[in-house]
Amino acid sequence: MAHDMAQDARLRALEDHLHAQDPRFSEAMDAGEPRPPREYRRGRAWLLLLAGLTALGVGIGVGHGLLLATGLVVAGIAVHLFDPDRPRPRGLFSSR
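Residues numbered from 1 in each chain as written. Predicted model: local features only at pLDDT ≥ 70, side-chain atom pairs only at ≥ 80, totals over all residues. Heavy atoms only, no water.

In the nomenclature of an unreviewed UniProt entry, the protein chain corresponds to DUF3040 domain-containing protein from the organism Streptomyces diastaticus subsp. diastaticus.

Now the structure itself:
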């Protein structure tokens, strides 16, 4: 009996941690409509990569150095967003 309560407490702690880490995933699981966890949602990264590569291509085509550099920086930021183990921001603009 005590063993079952200890397991329930551990499962509840795990559930609370998951909810704090990715509330949208946790709520979708509670509703019975699973969705990919945050580590596998990369829509913004793809859009940012597309914008960066577009700016890079236009910068090369037009011969505009600032646009070319902007495309390189934006593409670099987008590639960084594909890393599932990247540290999450904390502070004023974080989602937690």
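Enumeration over the complete set of coordinates arrives at 1 aromatic pair. Between the aromatic rings of Trp46 and Phe82, the centroid separation amounts to 4.9 Å while the plane-to-plane angle is 75 degrees, which identifies the pairing as edge-to-face. One end of the pair, Trp46, is in helix α3 (residues 43-62); the other, Phe82, is in the segment after α4 (65-81), with 36 residues separating them in the sequence. (Phe/Tyr/Trp six-rings, centres within 6.5 Å; stacked < 30°, edge-to-face > 60°. Helix = DSSP H or I, 4+ residues; strand = E, 2+ residues; numbered from the N terminus.)

With their axes 5 Å apart at the nearest point, helix α1 (residues 2-21) and helix α2 (residues 23-31) run at an angle of 125 degrees to one another. The orientation of α1 with respect to α2, classified from their angle, is oblique. For the pair α1 and α2, the contacting residues are Glu15, Leu18, His19, Ala20 and Gln21 in the first and Pro23, Phe25, Ser26, Glu27 and Asp30 in the second. Along the lines of polarity and charge, the residues of the contact of α1 with α2 split into 4 nonpolar, 3 polar and 3 charged. (Axes fitted to C-alpha atoms, helices over the stretch in contact; angles between N-to-C directions. Parallel < 35°, antiparallel > 145°, perpendicular 65-115°, else oblique. Contact = heavy atoms within 4.5 Å. Nonpolar A, V, L, I, M, F, W, Y, C, P; charged D, E, K, R; others polar.)

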